[in-house]
Amino acid sequence: MAADTPASGFTDINLRHWTLRYLPPWARPYGRLARWDRPIGIWLLMFPCWWSAALGAAPEWGRLAGWMALFAIGALAMRGAGCTWNDIVDRKIDAQVERTRNRPLPAGEVTLRNALIWMVLQSLVAVLILFKLNKFAGGVALLSLVLVAIYPAMKRFTFWPQVVLGLAFNWGALVGYAGVTGTLSWATVALYFGGVAWTLVYDTIYAMQDQRDDAIVGVRSTARRFAGAPRRWLSLFAVLALGLWTAAGLLGALLGRRELRRETTLELGRRLTLRAPTPDAGMQALQPAAVGAIKCSHPFDPVGEDAVNDGDKVLQVMTLRAQIEDDGAKAPGAVENWISLVDPDS
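Below is a summary of the structure that appears in this document. Please read these numbers as outputs of a predicted model, since none were measured by experiment.

## Some words on the overall build of the protein
Alright, step 1. Per the secondary structure count, the protein includes 17 helices and zero strands.
Alright, step 2. Within the protein, the fraction of its 346 residues that count as buried is 45%.
Alright, step 3. Taking contacts inside the protein between residues at least 6 apart in sequence as the whole, the part at least 24 apart equals 71%.
Alright, step 4. Carbon together with sulfur atoms contributes 64% to the accessible area of the protein, which is approximately 17700 Å² in total.

## Brief notes about helix α9 (residues 172-181)
Alright, step 1. In terms of residue burial, α9 counts as a mostly covered element, since nine of its ten residues are buried.
Alright, step 2. All of the buried residues along α9 are Gly172, Ala173, Leu174, Val175, Gly176, Tyr177, Ala178, Gly179 and Val180.
Alright, step 3. Gly182 sits one or two residues past α9 and shows a positive phi near 80°.

## A word on the nonpolar core
Alright, step 1. Formed by 36 residues in total, the largest nonpolar core has its most connected members in Trp67, Phe71, Leu133, Trp171, Val175 and Tyr192.
Alright, step 2. At seven residues, helix α3 (residues 40-57) tops the list of elements feeding residues into this core.
Alright, step 3. Judged by nonpolar contacts, the second largest core, of ten residues, contains Leu33, Ala34, Leu105 and Met119.

## Regarding the side chain of Gln162
Alright, step 1. By the secondary structure assignment, Gln162 is in helix α8 (residues 161-169).
Alright, step 2. One polar contact links Gln162 to Thr222, side chain to side chain, over a distance of 3.0 Å.
Alright, step 3. The residues contacting Gln162, other than those within four sequence positions of it, are Thr199, Leu200, Asp203, Thr204, Ala207, Ser221 and Thr222.

## Structural notes on a nonpolar patch on the surface
Alright, step 1. On the surface, a nonpolar cluster with roughly 680 Å² of combined accessible area is contributed by Ile117, Val120, Leu121, Leu124, Val127, Leu128 and Phe131.
Alright, step 2. Judged by its relative accessible area of 56%, Leu128 falls in the exposed class.

## Focus: the packing of aromatic side chains
Both the distance between ring centres and the angle between the ring planes are used here to describe each pair of aromatic rings.
Alright, step 1. Tallying each qualifying case throughout the model produces 19 aromatic pairs.
Alright, step 2. Here Trp51 and Trp198 contribute two aromatic rings whose centre-to-centre distance is 5.6 Å and whose plane-to-plane angle is 45°, an arrangement assigned as tilted. Pair noted here: Trp51 is in helix α3 and Trp198 is in helix α10 (residues 186-207), with a separation of 147 residues, a long-range link.
Alright, step 3. Classification of Trp51 as partly exposed rests on a relative accessible area of 32%.
Alright, step 4. Here the aromatic rings of Trp67 and Phe71 are separated by 5.8 Å at their centres, their planes lie at 20°, and the arrangement is stacked. Taken together, the residues span about one helical turn, with Trp67 and Phe71 both in helix α4 (residues 64-89) at a distance of four residues. No difference in accessibility class separates Trp67 from Phe71, as the two residues are buried.
Alright, step 5. Taken together, Trp43, Phe47, Trp50, Trp51, Trp198, Tyr202 and Trp245 form an aromatic cluster joined through their ring pairs.

## Focus on the pattern of salt bridges
Alright, step 1. Taken as a whole and judged by the stated rule, the model has ten salt bridges.
Alright, step 2. Here Arg156 ties to Asp90 by a salt bridge, and the two come within 3.2 Å at their closest N and O atoms. Placement of the pair is Arg156 in the loop between α7 (135-154) and α8 and Asp90 in the loop between α4 and α5 (91-94), with a sequence separation of 66 residues.
Alright, step 3. A relative accessible area of 31% places Arg156 in the partly exposed class.
Alright, step 4. Asp94 is the partner of Arg103 in a salt bridge, and the nearest nitrogen-oxygen pair spans 3.7 Å.

## A short note on the environment of Trp171
Alright, step 1. Mapped onto the fold, Trp171 is located in the loop between α8 and α9.
Alright, step 2. Trp171 gets classed as buried once you look at its relative accessible area, which sits at 15%.
Alright, step 3. Through-space distance from the C-alpha of Trp171 to that of Leu143 is 9.1 Å; in sequence the pair is 28 residues apart.
Alright, step 4. If we ignore the near neighbours within four places in the chain, the residues touching Trp171 are Val140, Ala141, Leu143, Ser144, Leu147 and Tyr192.

Procedures and definitions
Residues numbered from 1 in each chain as written. Predicted model: local features only at pLDDT ≥ 70, side-chain atom pairs only at ≥ 80, totals over all residues. Heavy atoms only, no water. Helix = DSSP H or I, 4+ residues; strand = E, 2+ residues; numbered from the N terminus. Buried < 20%, exposed > 50% of the residue type's maximum accessible area, 1.4 Å probe, protein only. Contact = heavy atoms within 4.5 Å. Areas by Shrake-Rupley, 256 points an atom, 1.4 Å probe, with all protein chains shown as cover. Core = buried A, V, L, I, M, F, W, Y, C linked by side-chain atoms within 4.5 Å. Polar contact = N/O pair within 3.5 Å; in protein donor to acceptor, adjacent residues only side chain to side chain. Patch = residues over 30% accessible without salt bridge, like charges linked within 9 Å, V, L, I, M, F, W, Y side chains within 5 Å. Salt bridge = Lys/Arg side-chain N within 4 Å of Asp/Glu carboxyl O. Phe/Tyr/Trp six-rings, centres within 6.5 Å; stacked < 30°, edge-to-face > 60°.

As structure tokens, this is what we get:
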């Protein structure tokens, strides 16, 4: 095995990090493949998950701790698997760049076969996280694999590979909210694209250190694309990120008001049904409240027209009439069934 210390030249390997000081010698190259010696990437992948989970959980902050722990483990695994895949694809280019030539694959510390096995093992940890998500959030998370797979090749075809990296690294802004709520909202879309703009800022700065070698080996990047006016471009994307995040906050507040209105509609329907003197009167009170709740819960339709046309839900609500007994006092049972239908998480 090659020595842990690079032979010569500039390197971004943190030789003082605990993974290189305390891991067994055979395990250290695998820690470096997963970039454990540079945990900032884990934070950058994890923060969008936490932000969107907080957006979905507010104001029930007690629900957030478990989601934060889950996404922290997922970010650790996915970042490691993604970096390992990146090193596998770029191993020949890395050998020609001063900063990366001492990475485990070009330095000969790990074989290609073992690197692939290590990537699969980390991916399996991420798969286990998927089983803790609802089906919708799991499907959203799986879509990110397309971006993870194609990112390493983008630098060969476009000067904008950082855009693809941003789309992949900030995918958690969609997954976190979907995991907590089972849906998406315009607030999460704004949060997501704000993160993409943010990635263009920090990864362009990161890529500037490789501009000379990248030009020699033919690797493209926004650092090379913005070389003539980097401050202007970086300022533009920083302002764009802040603008989109502000929009996410405003949309999130609007979403919170919509949820409050929905809860109020549910409570109104409950009270009207309980006060109904007959089953028919109870059902008449129940129908508009159910439709109103569906309107309020439709995240991508501020007016509510699409929700009103959601005939299946309204039909299911109407069928609860058969569950209302002749005695009006039995109406509360039907109300509970209705609430579980419109709001499965209640």
